[in-house]
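# Summary of structural features
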Amino acid sequence: DLSVADVAAKPAKTLPDAQTVTSVKHWTDRLFSFRVTRPASLRFRSGEFVMIGLPGENGKPILRAYSIASPNWDEELEFYSIKVPDGPLTSKLQNIQPGDEIILRPKPVGTLVLDALLPGKRMWFLATGTGIAPFASLMRDPETYERYEQVVMMHTCRTAEELTYGRELVENLKHDPLLSELYGEDFANRLLYYPTTTREEGPFMGRITDNLTSGKVFADLGLPAMDAANDRAMICGSLAFNTDVKTVLEGFGLHEGANSDPKEFVVEKAFVGDGI
Ligand code: FAD
Ligand code: A2P
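Residues numbered from 1 in each chain as written. Chains lettered and ligands numbered in written order. Predicted model: local features only at pLDDT ≥ 70, side-chain atom pairs only at ≥ 80, totals over all residues. Heavy atoms only, no water.

## Thoughts on the site of ligand 2
Short version of the rule: Near is defined per residue: the residue qualifies when any heavy atom it owns lies within 4 Å of the molecule or strand. N or O atoms within 3.5 Å of each other form a polar contact, as long as, within protein, one can give a hydrogen and the other can take it, and as long as residues adjacent in sequence are counted only when both atoms are side-chain atoms. Only the protein chains shown count as cover for residues, with accessible areas throughout obtained via the Shrake-Rupley method and a probe of 1.4 Å. Under the DSSP-based scheme used, a helix requires at least four consecutive residues in state H or I and a strand at least two consecutive residues in state E, with every element numbered from the N terminus. Each residue gets one of three labels, nonpolar for Ala, Val, Leu, Ile, Met, Phe, Trp, Tyr, Cys and Pro, charged for Asp, Glu, Lys and Arg, and polar for the others, Gly among them.
Close to ligand 2 lie T128, T156, C157, R158, T198, R199, R207, T209, A240, F241 and D244, which account for all nearby residues. Within the backbone of A240, a nitrogen or oxygen atom sits 3.5 Å from a nitrogen atom of ligand 2. Take D244: an N or O atom from its side chain is 2.8 Å from a nitrogen atom of ligand 2. Contact with the protein chains removes 83% of the 550 Å² of surface that ligand 2 exposes when unbound. Elements supplying a minimum of two residues to the shell around ligand 2: β8 (150-157) and α10 (239-251). In terms of residues, the shell around ligand 2 owes the most to one element, α10, which gives 3 residues. Broken down by class, the residue content of the shell around ligand 2 amounts to 3 nonpolar, 4 polar and 4 charged.

## Topic: the domain arrangement of the protein
It is common to give the size of an interface as the accessible area that goes away when the parts come together. This is how the line gets drawn: Residue ranges for the domains trace back to a domain assignment, done automatically or taken from a database. For this analysis, residues touch if any pair of their heavy atoms sits within 4.5 Å. Summed over both partners, buried area is the accessible surface (1.4 Å probe) that two parts give up on being assembled. Salt bridges are identified by distance alone: a Lys or Arg side-chain nitrogen within 4 Å of an Asp or Glu carboxyl oxygen.
Along its sequence, the protein is organised into domain 1 (15-108) and domain 2 (114-269). Computed over C-alpha atoms, the centres of domain 1 and domain 2 are 24 Å apart. On the domain 2 side, the residues contacting the 22 residues of domain 1 number 20 residues. Across the domain 1 to domain 2 interface the summed buried area is about 1700 Å²; carbon plus sulfur atoms make up 55%. The interface formed by domain 1 and domain 2 includes 4 salt bridges. We note a salt bridge from D115 to R45, for which the minimum N-O separation is 3.2 Å. If you look at where domain 1 meets domain 2, you find 12 residue pairs in polar contact (both at pLDDT 80 or more). Those elements giving two or more residues to the side of domain 1 that touches domain 2 turn out to be β2 (31-37) and β5 (76-82). No other element matches the 4 residues that β5 contributes to the side of domain 1 that touches domain 2. For the side of domain 1 that touches domain 2, the per-class residue count stands at 10 nonpolar, 8 polar and 4 charged.

## Overview of α10
For clarity, the threshold we go by: Helices are assigned an expected span. That span is 1.5 Å times one less than the residue count. Think of it in three bands: residues with accessible area under 20% of the maximum for their type are buried, residues over 50% are exposed, and the middle band is partly exposed, with areas taken using a 1.4 Å probe on protein chains only. Throughout, the arc means that of the directions going from the helix axis to the C-beta atoms.
Under the 1.5 Å per step criterion, the end-to-end length of α10 is 19 Å for 13 residues, consistent within 8% with the ideal 18 Å. Of the residues making up α10, those classed as buried are F241, N242, V245, V248 and L249. Viewed end-on, α10 has its buried residues packed into an arc of 130 degrees, placing them on one side of the element. Exposed positions of α10 whose direction lies more than 90 degrees from the buried face are L239, A240, T247 and G251. In the core, the buried residues of α10 are packed alongside β7 (122-128), α8 (208-213), β10 (231-237) and β11 (265-269). After α10 finishes, the residue G253 shows a positive phi value of roughly 95 degrees.

## Some remarks on the site of ligand 1
In the vicinity of ligand 1 lie 23 residues, with A65, Y66, Y80, T90 and T130 positioned nearest. Between P88 and ligand 1, the recorded distance is 3.4 Å, taken from a backbone N or O atom to an oxygen atom. Contact distances for ligand 1 include 3.2 Å between an oxygen atom and a backbone N or O atom of V272. Burial of ligand 1 by the protein chains amounts to 84% of its free accessible area of 870 Å². Elements represented by at least two residues in the shell around ligand 1 include exactly β4 (61-67) and β5. A per-element tally of the shell around ligand 1 places β4 first, with 4 residues. Here the residues of the shell around ligand 1 are counted per class, giving 13 nonpolar, 7 polar and 3 charged. Taken together, domain 1 (15-108) and domain 2 (114-269) each give at least three residues to the shell around ligand 1, which thus spans both.

Following this line, the structure appears as structure tokens:
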């Protein structure tokens, strides 16, 4: 039998599927991002999600789905997270520090992958809130620009500060050495960014659904309205957002596809529930 002293002397047991946190950044009181080590064997397609978590009180892990926000060429993994005050996982996860361990089940899956769409001219990424996470991966993947001439990132949040993670990511991308080397000065014109707020005054406002149906986003960016021949889209937000955007895209003649049946758009929930 182990004495108390034996137990105390035993080194802390490493979690199964443990990865080490390398950096953490808090964007608002409700949003943060963090990076962790990447398991050597983990291969994924940009846009996919994995299960991550922390050990629970009873030793049983609390696991949740998280989109990988980093591109598949990155040596670390990045995640962009909500902080739900009473959330079983995020009430704890929001306190992680560099050097801490998290659990990461290395089985990536998901519908927001380039292979689930037919070739086309222009790719629309349509997201609210943390729904930008899979697109943070796809926007940083050169494969996206190999397949599509133009990428439009529409991101909508209630307030401007909630857009900051995405805004900084897009601004940094415009000066990204890898993408600039591949596409030169022209790259800035290939990634169009259309952030809007709905509950705070700003230069661009309104719901994604409204800006698509009114044609405002097309007028502002100098683009033709969406059509099935040229436009492809990926949707990631709340269930209500996804349902409403799907209806709008179907109105433009686009059809929902899947990994096994590529068409003009794909949809994935950014979270399950009514939102907070
Ligand atoms: P939970 O008990 O899981 O959630 C409590 C309530 O909080 C939910 O019912 C919902 O109303 C609300 N909520 C949960 N997540 C969000 C969110 N992201 N935005 C707004 N409201 C929310 N979350 C992320 O933060 N980043 C991601 O990249 C991400 N990717 C996901 C991918 C998929 C496919 C799915 C299904 C979910 C994803 N989520 C993501 C949500 C995530 O799985 C958890 O729900 C979230 O981390 C909160 O966990 P929790 O245990 O603290 O609270
Ligand atoms: P709004 O402020 O008009 O509700 P939330 O913070 O509630 O998760 O919402 C995130 C963003 O998504 C908000 O800007 C919100 O706009 C917008 N939104 C919520 N539901 C929908 C929907 N069904 N269609 C379009 N946009 C939506």
